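The chain contents come next:
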Amino acid sequence: MVIVIDTREQRPLDFSFWKDVTVQRRELWPGDYTVLGGAQYLAVERKSVSDLVGTMKTGYAGICSTTPKRFDRELMALHSVIARGGRAFIIVEPDGPLGTVCPAYEQIKAHSYRSIIAPDKVLAFIQSIRSCWRVPVIMTDSRTQSAEIVYKSAILALAVKRARMAEDRFADSLDADIADTLGGEEDGSQFVDEIVEF
């Protein structure tokens, strides 16, 4: 399995724990992570607590804005992945060195980030993403947990892709069987003519 990481990710997650994973860097939209061969089924945007707070200040205009900013456009794109039957979400992980285990939620509640924006405003922002944009926001305890969520989501995305391909093959086969039964007429128009003449 190949997990694709956006080239703009400055501190990408580490997937070396899973021996069945290789990593590829390329420019992605939307999100920072997906899986090769299943991008239409998975888009994961990853932010640290500080990134999220910074986005509130400079990158977000709001769902009713007539001049959307970058994060508004990202949310629209993530929502469209979900609307097409894929899985898209935002991971918010704690700030700190690699291996830090401090729940992102606790970091926000404790106002352990550099901004005057109050914790209740940050949590309200997260809730608005969930309720207005219908994009899930998952707050993790560490970068390791974030990587595990992306890994498991990639497996699920490929399983969904295989299931959809099987459904499509079945539908194509069924269409062909119906066409054969109708004598090559796929739309059944000869039966309509017979009914009209009768």
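Now for a description of the structure that goes with this document. (Residues numbered from 1 in each chain as written. Predicted model: local features only at pLDDT ≥ 70, side-chain atom pairs only at ≥ 80, totals over all residues. Heavy atoms only, no water.)

1. Some remarks on the pairing of strand β4 (residues 42-48)
Next, step 1: The buried fraction of β4 amounts to seven of the seven residues, a majority that puts the element mostly inside the structure.
Next, step 2: Here β4 shows no split at all, with Leu 42, Val 44, Arg 46 and Ser 48 on one side and Ala 43, Glu 45 and Lys 47 on the other all buried. (Buried < 20%, exposed > 50% of the residue type's maximum accessible area, 1.4 Å probe, protein only. Helix = DSSP H or I, 4+ residues; strand = E, 2+ residues; numbered from the N terminus.)

2. Comments concerning the environment of Ser 146
Next, step 1: Assignment of secondary structure puts Ser 146 in helix α5 (residues 143-181).
Next, step 2: With 55 residues separating them along the chain, Ser 146 and Ile 91 place their C-alpha atoms 6.9 Å apart.
Next, step 3: When residues no more than four places from it in sequence are discounted, the contact partners of Ser 146 are Leu 13, Ile 91, Glu 93 and Thr 140. (Contact = heavy atoms within 4.5 Å.)

3. As for the packing of helix α1 (residues 49-58) against helix α4 (residues 119-132)
Next, step 1: The interhelical angle for the contact between α1 and α4, taken along N-to-C directions, is 85 degrees, at an axis separation of 11 Å. The orientation of α1 with respect to α4, classified from their angle, is roughly perpendicular. Only Lys 121, Val 122, Phe 125 and Ile 126 of α4 make contact with α1, whose side of the interface consists of Leu 52, Val 53 and Met 56.
Next, step 2: For the contact of α1 with α4, the class distribution of residues is six nonpolar, no polar and one charged. (Axes fitted to C-alpha atoms, helices over the stretch in contact; angles between N-to-C directions. Parallel < 35°, antiparallel > 145°, perpendicular 65-115°, else oblique. Nonpolar A, V, L, I, M, F, W, Y, C, P; charged D, E, K, R; others polar.)

4. Regarding the nonpolar core
Next, step 1: Ranked by size, the top nonpolar core spans 25 residues in total, and within it Leu 75, Ile 90, Val 122 and Ile 129 carry the most contacts.
Next, step 2: When contributions to this core are tallied by element, the ones reaching two or more residues are α1, α2 (70-83), β5 (87-93), α3 (104-109) and α4.
Next, step 3: Top contributing element to this core by residue count: α4, with five residues.
Next, step 4: Residues Val 21, Val 35, Val 44 and Ile 149 belong to the second largest nonpolar core, which totals 20 residues. (Core = buried A, V, L, I, M, F, W, Y, C linked by side-chain atoms within 4.5 Å.)

5. As for the packing of aromatic side chains
Next, step 1: For the structure shown, the criterion picks out seven aromatic pairs.
Next, step 2: Measuring from centroid to centroid gives 4.5 Å for Trp 18 and Tyr 151, while their planes differ by 15 degrees, and the two rings are stacked. Remark: Tyr 151 occurs in helix α5 and Trp 18 occurs in the loop between β1 (2-6) and β2 (22-26); sequence separation between them is 133 residues.
Next, step 3: We classify Trp 18 as buried; its relative accessible area is 15%.
Next, step 4: Given the relative accessible area of 11%, Tyr 151 is considered buried.
Next, step 5: An angle of 70 degrees between the planes, with centres 4.9 Å apart, marks the rings of Tyr 60 and Phe 125 as edge-to-face. (Phe/Tyr/Trp six-rings, centres within 6.5 Å; stacked < 30°, edge-to-face > 60°.)

6. Examining the side chain of Glu 9
Next, step 1: Mapped onto the secondary structure, Glu 9 falls in the loop between β1 and β2.
Next, step 2: A distance of 2.7 Å separates a polar atom in the side chain of Glu 9 from a polar atom in the side chain of Tyr 33.
Next, step 3: With residues near it in sequence (within four places) discarded, Glu 9 still touches Arg 25, Asp 32, Tyr 33 and Arg 46. (Polar contact = N/O pair within 3.5 Å; in protein donor to acceptor, adjacent residues only side chain to side chain.)

7. Quick notes on α4
Next, step 1: Taking 1.5 Å of rise per residue, the 14 residues of α4 would be expected to cover 20 Å, and the 19 Å separating its terminal C-alpha atoms lies within 8% of that figure.
Next, step 2: All of the buried residues along α4 are Pro 119, Val 122, Leu 123, Phe 125, Ile 126, Ser 128 and Ile 129.
Next, step 3: Those residues of α4 hidden inside the fold are in contact with α1, α2, β5, α3 and β6 (137-139).
Next, step 4: Count one or two residues on from α4 and you reach Arg 134, which has phi positive near 60 degrees. (Expected span 1.5 Å × (residues − 1).)

8. Comments concerning the pattern of salt bridges
Next, step 1: Considering all chains together, one arrives at seven salt bridges under this definition.
Next, step 2: Notably, a salt bridge pairs Glu 45 with Lys 47, separated by 3.4 Å at the nearest N-O pair.
Next, step 3: The buried category is assigned to Glu 45, whose relative accessible area is 5%.
Next, step 4: The residue Arg 70 makes a salt bridge to Glu 74 at a minimum N-O spacing of 2.9 Å. With Arg 70 and Glu 74 both in helix α2 and four residues apart, this pair spans about one turn of that helix.
Next, step 5: Look at Glu 74 and you get buried, because its relative accessible area is 2%.
Next, step 6: Members of the salt-bridge network, linked through shared partners, are Glu 9, Arg 46, Glu 93 and Arg 143. (Salt bridge = Lys/Arg side-chain N within 4 Å of Asp/Glu carboxyl O.)

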